[in-house]
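Overview (structure and organization)
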Amino acid sequence: RLTATPAGVNLGPLNIVPDGGARNYVLEMKAGRFHGFVIRKGDAVHGYVDRCPHMGLPLAQELDRYLTRDGKLIACSWHGALFRIADGQCVGGPCSGTHLQPWPVTVQDGDIVTA
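In this report, the structure presented in the accompanying data block is examined. The residue numbering used here restarts from 1 in each chain and proceeds along that chain's sequence as written. Restriction of local features to residues with pLDDT of at least 70 applies here, the model being predicted, together with a cutoff of 80 or more for giving and counting side-chain atom pairs; totals for whole chains, interfaces and linings are based on all residues. Remark: hydrogens and water are excluded; side-chain values derive from all non-hydrogen atoms of the structure.

**Some details on the packing of aromatic side chains**
Our working rule: Put simply, two rings from Phe, Tyr or Trp (the six-membered ring, in Trp's case) pair if the centres are within 6.5 Å, and we call them stacked under 30 degrees between planes, edge-to-face over 60, tilted for the rest. Each helix is a run of H or I in the DSSP string that is no shorter than four residues. Each strand is a run of E no shorter than two, and both are numbered from the N terminus. Here the term buried applies to any residue with accessible area under 20% of the maximum for its type, exposed to any over 50%, and partly exposed to those in between, with areas from a 1.4 Å probe on protein chains only.
Using the criterion set out here, one finds 4 aromatic pairs in the structure. Plain terms: the ring middles of Phe37 and Tyr66 are 4.1 Å apart, the flat faces sit at 10° to each other, and that makes the pair stacked. Highlighted residues: Phe37 in strand 3 (residues 32-41) and Tyr66 in the loop between strand 4 (44-49) and strand 5 (73-75), separated in sequence by 29 residues. Of the two residues, Phe37 and Tyr66, neither departs from the other in class, the shared state being buried. Cluster of aromatic residues (ring-pair linked, three or more members): Tyr25, Phe34 and Trp103.

**Quick look at the sheet that holds strand 2 (residues 22-29)**
Adjacent strands of a sheet form backbone hydrogen bonds with each other and so pair up, either parallel or antiparallel. So the rule is basically this: Pairing between strands is defined by DSSP: at least two bridges between the two strands are required. What counts as an axis is a line fitted to C-alpha atoms, over the stretch in contact for a helix, and the angles between N-to-C directions run from 0 to 180 degrees.
What the 3 strands build is an open sheet, ordered 2-3-4; its pairing is antiparallel. Edge positions in the sheet fall to strand 2 and strand 4, since each has one partner strand and no second. Each strand axis lies, on average, 30° off the axis of its neighbour in the sheet, ignoring direction. The pairing of strand 3 with strand 4 spans 6 bridges and is antiparallel. Note on strand 4: the bridge partner recorded for Phe37 is Tyr48.

This is the structure:
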């Protein structure tokens, strides 16, 4: 499984990710598949590789379910690890002191694009 993507890949319009929500992305590339997710907060987006540092599993057991119920933290649905949205730092659970691997994304002309 890949852990990075090239810059400039258009992931679609910003509104494809609900404000305060998250969306899963799987990109098929020549070298293999990349699994990541994007969280939207207003006009800002945060991207992470979809892999928990605790066990290496994808974070969500249900499609696009990456956030806690209140939408304030990223949650691993397997073992309960919690991560800050802004920087991916683990703030609770079995992987305390680690962080999610960032997936650089940005908004350009209303579209989410890899950076």
